[in-house]
Amino acid sequence: MSEAITVSRPKARRRGIIALQLLLVLGFLGIFAYAFQSTVLAPRSAIPDRVGELELLEKVEGDAAIAQVGRLHGTDITLEDAYIAKYGHSGLQLTAWVGMAADPAAAGELMRRMLEGIQRGGSGFSNLKRQTVSDTEVYLVDGPGGKHYFYINGEKVVWLIFEGGDYQTVLSLAVRAF
């Protein structure tokens, strides 16, 4: 006479295990979403800490940078975001003015307006030239405070100013960085 003994888990214990599994899955999804956001969907205005040997010395971001860019142009320009980053090392300084337009077409319009202003004269910039640096069409002008290069990169309008030292060694790195 042997009786089969069946062991059954109480329903409450089974629900507890399911709830724990659900919490683990949700926790994993939360960690995955955070990692995806911080690496793949990083902010558009990420400022490099270095450009070649040049180290980031100071930066201005957001509304303060947009206001400074607007004051330079002497007119109201439409930017979604902006930053100004100053770099230096061994007597060479680089200042990068980066404005983010709404899209590449808006960046192209800003570039067109800048070129027209320089060609009109009276801006302090002269001797407009065009060259290719790191597969990017870049404009070069003579002006106060150093060597000036500017270009568009997608929705970004970038103006680089190099002062002192041999800037040619970091020009292509700077164009790729911004």
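Everything that follows concerns the structure shown earlier in this document.
(A) Broad picture of the packing of aromatic side chains. On inspection of all chains with the given rule, the structure shows 8 aromatic pairs. Aromatic side chains Phe150 and Trp159 sit 4.4 Å apart centroid to centroid with 10° between the ring planes, which places their arrangement in the stacked category. Judged by its relative accessible area of 0%, Phe150 falls in the buried class. Aromatic ring contacts, followed pair by pair, group Phe125, Tyr139, Phe150 and Trp159 into a single cluster.

(B) How the structure looks around helix α3 (residues 104-120). Taking 1.5 Å as the rise per residue, α3 with 17 residues should run 24 Å; its terminal C-alpha atoms sit 24 Å apart, in good agreement. Within the span of α3, buried status applies to Ala107, Leu110, Met111, Met114, Leu115, Gly117 and Ile118. Projected down its long axis, α3 carries its buried residues within an arc of 160°, all on one side. In this structure, α3 carries Ala105, Gln119 and Arg120 as exposed residues pointing more than 90 degrees from its buried face. At the N-terminal end of α3, a side-chain oxygen is found 3.1 Å from the backbone nitrogen of Ala105, two or three residues along, and the residue is Asp103. Gly121 occupies a position one or two residues after α3 and carries a positive phi of about 95°.

(C) Just the nonpolar core, in detail. Ranked by internal contacts, the top residues of the largest apolar core, which has 25 residues, are Tyr87, Leu94, Tyr149, Leu160, Phe162 and Phe178. Secondary structure elements with two or more residues in this core: β3 (81-89), β4 (92-100), β6 (136-143), β7 (146-153), β8 (156-163) and α4 (168-177). At 5 residues, β4 tops the list of elements feeding residues into this core. Residue contacts for Leu94: discarding those within four places in its chain leaves Val51, Leu54, Ala85, Lys86, Tyr87, Leu160, Ile161, Phe162, Ala174 and Phe178.

(D) Local environment of α4. Within α4, burial applies to Val170, Leu171, Ala174 and Val175. Projected onto a plane normal to the axis of α4, the buried residues spread over an arc of 145° and lie on a single side. Opposite the buried face of α4, by more than 90 degrees, sit the exposed residues Thr169 and Arg176.

(E) Looking closely at the pairing of β7. Where β6 meets β7, 5 bridges bridge the pair, whose relative direction is antiparallel. Counterpart to Leu140 in the pairing with β7 is Tyr149. As consecutive antiparallel partners, β6 and β7 are separated by 2 residues, and within that stretch Gly145 has a phi angle of approximately 85°, a positive value. Here 7 bridges tie β7 to β8, and the two strands are oriented antiparallel to one another. Across the sheet, the residue bridging to Phe150 is Trp159, located in β8.

(F) How the structure looks around the sheet that holds strand β2 (residues 54-61). Reading across the sheet, the 8 strands line up as β1-β2-β3-β4-β8-β7-β6-β5 and stay open at both edges, with antiparallel pairing between neighbours. The sheet terminates laterally at β1 (50-51) and β5 (126-133), the two strands that pair on one side only. In this fold α3 packs onto β5, β6, β7 and β8, with an angle of close to 145° to the strand it touches most, β7. Along the sheet, α4 makes contact with β1, β2, β4, β5, β6, β7 and β8, crossing β8 at roughly 160°.

(G) Representation of unusual backbone geometry. Unusually for a residue other than glycine, Ser90 sits at a positive phi of about 50°. Along the chain, Ser90 falls in the loop between β3 and β4. Given a relative accessible area of 67%, Ser90 falls into the exposed group. Located in the positive-phi region is Asp135, a residue other than glycine, with phi close to 60°.

Each value, and the rule that gives it
Residues numbered from 1 in each chain as written. Predicted model: local features only at pLDDT ≥ 70, side-chain atom pairs only at ≥ 80, totals over all residues. Heavy atoms only, no water. Phe/Tyr/Trp six-rings, centres within 6.5 Å; stacked < 30°, edge-to-face > 60°. Buried < 20%, exposed > 50% of the residue type's maximum accessible area, 1.4 Å probe, protein only. Helix = DSSP H or I, 4+ residues; strand = E, 2+ residues; numbered from the N terminus. Expected span 1.5 Å × (residues − 1). Arc of directions from axis to C-beta. Polar contact = N/O pair within 3.5 Å; in protein donor to acceptor, adjacent residues only side chain to side chain. Core = buried A, V, L, I, M, F, W, Y, C linked by side-chain atoms within 4.5 Å. Contact = heavy atoms within 4.5 Å. Pairing = 2+ DSSP bridges. Axes fitted to C-alpha atoms, helices over the stretch in contact; angles between N-to-C directions.

None of the figures reported here should be taken as evidence of function without further support.
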